[in-house]
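# Understanding the architecture of this molecule
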Amino acid sequence: VGSACPRRRASCVRRFARERRRSVGRGAPVAWPVVAEHAAVAPDDRAGVAPPAAPAPLNRPPPPVGRPPAVVHGIYLNAWVFGSTRFWNLLKLADSTEINTFVIDVKDGTGYLTYRSNVPLAVAIGANDRIRAPDVRERLAALQARGIHPVARIVVAQDPLLARRKPGWAIHDVNGGLWHDRQGNAWVSAYQDSVWIYAADLAREAVLMGFAEIQFDYLRFPDEPRWLLD
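The following paragraphs examine the structure supplied in this document.

Procedures and definitions
Residues numbered from 1 in each chain as written. Predicted model: local features only at pLDDT ≥ 70, side-chain atom pairs only at ≥ 80, totals over all residues. Heavy atoms only, no water. Core = buried A, V, L, I, M, F, W, Y, C linked by side-chain atoms within 4.5 Å. Buried < 20%, exposed > 50% of the residue type's maximum accessible area, 1.4 Å probe, protein only. Helix = DSSP H or I, 4+ residues; strand = E, 2+ residues; numbered from the N terminus. Contact = heavy atoms within 4.5 Å. Pairing = 2+ DSSP bridges. Axes fitted to C-alpha atoms, helices over the stretch in contact; angles between N-to-C directions. Phe/Tyr/Trp six-rings, centres within 6.5 Å; stacked < 30°, edge-to-face > 60°. Lys NZ or Arg CZ within 6 Å of the ring centre and 35° of its normal. Expected span 1.5 Å × (residues − 1). Arc of directions from axis to C-beta.

### Description of the nonpolar core
- Grouped together as the largest cluster of nonpolar side chains are 43 residues, with contacts concentrated most on L77, F102, L143, L162, Y198 and F211.
- Elements with a minimum of two residues in this core: α2 (79-82), α3 (86-95), β2 (101-107), α4 (120-125), α5 (136-145), β3 (149-155), α6 (160-165) and α7 (193-209).
- Counting residues per element, this core draws most heavily on α7, at seven residues.
- Discounting chain neighbours no more than four positions away, the residues touching L143 are F87, L91, F102, I104, I148 and P150.

Here's what the structure looks like:
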């Protein structure tokens, strides 16, 4: 007998007792009365009632080409995450949330590229030596299929690889040699138009690869304490 309604439960017990007294000697079986609407059972545990279904993935139409979503809910993926199995887990996360944008490193602060590039300068300086996502087209196709806006992040001036291979484009120390920040990174000069052209070539290639937007990062001079900049 359910416990959700004490008065009704007491009435049921008294009725059961009367029926039992009347049936003694006749051998008639007496069953406990069931009050289904007051049964003290969780709704999902009742026989024949299925638990609520898991939320379906959001049905997002892909944004117009070259345009971000009207409201951006994005996450940032460094090159290692984008090229690893964690990427597929993040896709599942996006399927069940409002995430609609992935910002992905194409060239990070090391100067190395996430996928193999055909840009002549990238090939010449060895920027392809640390590939993290050789299957970049497959991963971008998975984003496109879900309507997730892919943004290519390209670090411009913080490029120790380019500074070492093209020292004439780099920032130099007043005492000679390449200047380094507190992390030991050399930078190229934001005044060098060759640096701009290199970044633009990588951006053009990223768009052809399947990225819908470019984020140029560290498009500036170093920001360090005065004692390190003197």
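### Some points on the sheet that holds β2
- The strand order β1-β2-β3-β4 describes an open sheet built from four strands, whose pairing is parallel. Both outer strands of the open sheet, β1 (74-77) and β4 (213-217), are each paired with one neighbouring strand and no more. In this sheet, neighbouring strand axes are inclined to one another by 30° on average, regardless of whether the strands run parallel or antiparallel.
- The strands touched by α3 within the sheet are β1 and β2, with β2 carrying the most contacts at an inclination of about 155°.

### Comments concerning the packing of aromatic side chains
- This structure, assessed with the given rule, holds five aromatic pairs.
- Taking 4.9 Å as the distance between ring centres and 75° as the angle between the ring planes, the aromatic pair formed by F87 and W88 counts as edge-to-face.
- Each ring, one from Y191 and one from F221, has its centre 5.0 Å from the other, and the planes form 65°; the classification is edge-to-face. One end of the pair, Y191, is in the loop between α6 and α7; the other, F221, is in the loop between β4 and α8 (226-229), with 30 residues separating them in the sequence.
- Grouped by ring-pair contacts, the aromatic residues F82, F87, W88 and F102 constitute a single cluster.
- The positively charged end of R132 is found above the aromatic ring belonging to W80, 5.0 Å away from the centroid.

### With respect to α7
- Taking 1.5 Å per residue, 17 residues should reach 24 Å; α7 reaches 24 Å between its end C-alpha atoms and fits that length.
- Within the span of α7, buried status applies to V195, Y198, A199, L202, A203, E205, A206 and M209. For α7, the arc enclosing every buried residue in end-on projection is 165°, short of the 170-degree limit, so these residues lie on one face. Exposed and facing more than 90 degrees away from the buried side of α7 are R204 and L208.
- Contact partners of the buried residues in α7: β2, α4, α5, β3, α6 and β4.

### Details of the pairing of β2
- Counting buried positions over the seven residues of β2 gives seven, a clear majority of the element.
- Two strands pair when backbone bridges link them, and β2 and β3 are joined in this way by six bridges, in the parallel orientation. Bridge assignment links T101 to a residue of β3, and that residue is H149.

### Digging into the environment of G111
- In this structure, G111 sits in the loop between β2 and α4.
- Every residue in contact with G111, bar those within four places of it in the chain, is listed here: A127, D159 and L161.

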